[in-house]
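Observations on the three-dimensional arrangement
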Amino acid sequence: MASRKTVYLDMKFWISLRNPDESRNPIEARHLLNLLRTGVREQRLLCPISYAVFLELMKQNPLGKRLAQAQIMDELSGGIGIRNPYDIAEQEFLRFFAKHTSDFKRVPIDPIWTPVGYMIVEAYPQCDLLPQDFMELSRKVMFDIMWATRMEHIATKMDSCPRSPKTTAAKINSERQTHQRGGRPFEKLFADELHGILDEMPSEMDNCFRQAAAFAGIETAGQQMNEGDRRVCVNLIRKVVTKGLDNTAIPSQRITAALHAALRLDDKYAFKENDLDDIRHSAVAAAYCNAFLTERFFADKLRLPAVRKVIPCECKVIDDFDEAISFLS
């Protein structure tokens, strides 16, 4: 991964590349596909898959269309994905504490890049009811299977995947009516959104410290952090991020908070269910990739001066085919 430039595509661009002749911009889509194919073949580029891509692929029917989409994803990603948001949160917490706490300095931290097969499932599950040698053998088998898994394999099984109810956007809009903005500026909204995100990740923070404890030889026996300690950690991270004391801390989580805050600035805007997918795309793309091809609406949000002030700015955000072609050329 370190030797390639990463180009993240949201579903709008993936769908256009699935069959360029059926897209709204067939000539441009074909040109873009050729540029990406050439870059991947020459080992200069890679278009990684993410958990957000998986969620949107689940919506595609019939199966033939979904398989065709998965095939182009496999070709351009090379079987490489970005870990799911929960794993990424644990890693971002670990990196934060490794940077700011001497006791964490030597804790090993997995990269966010992963074979597609490990993008969704837990890499090395543990069941204490089963013999340890059996669990070890099972992990070795899983290792081989997951490294060989591609999006095409996953796509054939998506009809049996559980789907979350489409009620999140309605709940967000209801909460916004109950807790109105009241003229608060972006900076205040960003701090509030970030606090809310961190509050919703107690298990990820627990796992972060459990991993550090295991490395240090400390037996936790499934213990959880008490609420007081967790509150100290949340307040510390929030202060470091919102005060600008560390511009690299928890990148995907701060991008998520910044985009939610940017949407809340418009009191009349009604949050849509697809916005959640676009924010998931933006969080990992802008945090970890070199270029992000996305919808104009969220591209504009990522370019807002207030948003750019609080998120990583190395990623090139692109919202149309001509700019993408020019950039890749």
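Per the counting criterion, the structure on display carries twelve aromatic pairs. Residues tyrosine 269 and phenylalanine 297 carry aromatic rings whose centres are separated by 5.6 Å and whose planes lie at 15 degrees to one another, so their mutual orientation is stacked. Pair noted here: tyrosine 269 is in the loop between α12 (251-264) and α13 (273-288) and phenylalanine 297 is in helix α14 (residues 296-303), with a separation of 28 residues, a long-range link. The exposure class assigned to tyrosine 269 is buried, which follows from its relative accessible area of 14%. Both rings, one in phenylalanine 297 and one in phenylalanine 298, keep their centres 5.3 Å apart while their planes meet at 80 degrees; by these two values the pair is edge-to-face. Taking relative accessible area as the criterion, phenylalanine 297 reaches 33% and is therefore assigned partly exposed. A connected cluster of aromatic rings, assembled from ring pairs, spans Phe96, Phe97, Phe104 and Phe209. Sitting over the face of the ring of phenylalanine 297, lysine 272 holds its NZ or CZ atom 5.8 Å from the ring centroid. Geometry around phenylalanine 297 places lysine 301 over its ring, the cationic atom sitting 4.3 Å from the centre.

This next bit is on helix α11 (residues 227-242). Under the 1.5 Å per step criterion, the end-to-end length of α11 is 22 Å for 16 residues, consistent within 8% with the ideal 22 Å. Among all positions of α11, only Arg230, Cys233, Val234, Ile237, Val240 and Val241 are buried. With its buried residues spanning 135 degrees around the axis, α11 presents them on a single face. Facing away from the buried side of α11 by over 90 degrees, the exposed positions are Val232 and Lys239. Contacts from the buried residues of α11 go to α5 (85-100), α9 (186-199), α10 (202-215) and α12. Capping of α11 at its N-terminal end is provided by asparagine 226; its side-chain oxygen lies 3.1 Å from the backbone amide nitrogen of glycine 228.

Below, the discussion takes up the layout of surface pockets. The method is simple in principle: a probe with the dimensions of a water molecule rolls over the atoms, and the space it marks as empty is what remains. Its boundaries defined by the atoms lining it, the largest pocket holds a volume of some 1,800 Å³. Along the walls of the largest pocket sit 49 residues, with Tyr86, Thr168, His260, Leu276 and Arg280 positioned nearest its centre. Looking at the lining of the largest pocket, the elements with two or more residues in it are α3 (51-57), α5, α8 (168-178), α9, α12 and α13. At eight residues, the largest contribution of residues to the lining of the largest pocket is made by α13. Split by residue class, the lining of the largest pocket holds 22 nonpolar, eleven polar and 16 charged.

We now examine empty space enclosed by the protein. One pass over the full model with this rule turns up one cavity of 30 Å³ or more. Of the residues assigned to the lining of the largest cavity, the class counts are seven nonpolar, no polar and one charged.

In contact at an axis separation of 9 Å, helix α1 (residues 11-18) and helix α4 (residues 63-77) are set at 100 degrees when each is read in the N-to-C sense. Considering their axes alone, α1 and α4 lie roughly perpendicular with respect to each other. Contacts between α1 and α4 involve Met11, Trp14, Ile15, Leu17 and Arg18 from the first element and Lys65, Ala68, Gln69, Ile72, Met73 and Leu76 from the second. For the contact of α1 with α4, the per-class residue count stands at eight nonpolar, one polar and two charged.

Tallying each qualifying case throughout the model produces 21 salt bridges. One salt bridge connects arginine 184 with aspartate 192, and the closest N-O pair in it is separated by 2.5 Å. Here aspartate 192 falls in the partly exposed class, since its relative accessible area comes to 23%. When the shortest N-O distance is used, the salt bridge between aspartate 320 and arginine 296 registers 4.0 Å. Here the residue aspartate 320 occupies a position in the loop between β6 (316-318) and α16 (321-328), and arginine 296 occupies one in helix α14, the gap between them amounting to 24 residues. Look at aspartate 320 and you get partly exposed, because its relative accessible area is 26%. Taken together, the salt bridges that share partners define one network made up of Asp199, Asp206, Glu227, Arg230 and Arg231.

The omega torsion of the bond from asparagine 61 to proline 62 falls at 5 degrees, within 30 degrees of zero and hence cis. Secondary-structure assignment places proline 62 in the loop between α3 and α4. A positive phi is found at glutamine 43, a non-glycine position, where the angle reads about 60 degrees. One can find glutamine 43 in the loop between α2 (26-41) and β2 (45-46).

Let's shift gears to a nonpolar patch on the surface. Taken together, the side chains of Tyr124, Phe143 and Trp147 present a nonpolar region at the surface, about 330 Å² in accessible area. By the secondary structure assignment, phenylalanine 143 is in helix α6 (residues 132-148). Taking relative accessible area as the criterion, phenylalanine 143 reaches 36% and is therefore assigned partly exposed.

Cut-offs used in this document
- Residues numbered from 1 in each chain as written.
- Predicted model: local features only at pLDDT ≥ 70, side-chain atom pairs only at ≥ 80, totals over all residues.
- Heavy atoms only, no water.
- Phe/Tyr/Trp six-rings, centres within 6.5 Å; stacked < 30°, edge-to-face > 60°.
- Helix = DSSP H or I, 4+ residues; strand = E, 2+ residues; numbered from the N terminus.
- Buried < 20%, exposed > 50% of the residue type's maximum accessible area, 1.4 Å probe, protein only.
- Lys NZ or Arg CZ within 6 Å of the ring centre and 35° of its normal.
- Expected span 1.5 Å × (residues − 1).
- Arc of directions from axis to C-beta.
- Contact = heavy atoms within 4.5 Å.
- Polar contact = N/O pair within 3.5 Å; in protein donor to acceptor, adjacent residues only side chain to side chain.
- 1 Å grid on protein atoms, 1.4 Å probe; cavity = no way out; pocket = protein on both sides within 12 Å on 5 of 7 lines; lining within 4 Å.
- Points joined across faces, edges and corners; volume = space filled by probe spheres on them.
- Nonpolar A, V, L, I, M, F, W, Y, C, P; charged D, E, K, R; others polar.
- Axes fitted to C-alpha atoms, helices over the stretch in contact; angles between N-to-C directions.
- Parallel < 35°, antiparallel > 145°, perpendicular 65-115°, else oblique.
- Salt bridge = Lys/Arg side-chain N within 4 Å of Asp/Glu carboxyl O.
- Patch = residues over 30% accessible without salt bridge, like charges linked within 9 Å, V, L, I, M, F, W, Y side chains within 5 Å.
- Areas by Shrake-Rupley, 256 points an atom, 1.4 Å probe, with all protein chains shown as cover.

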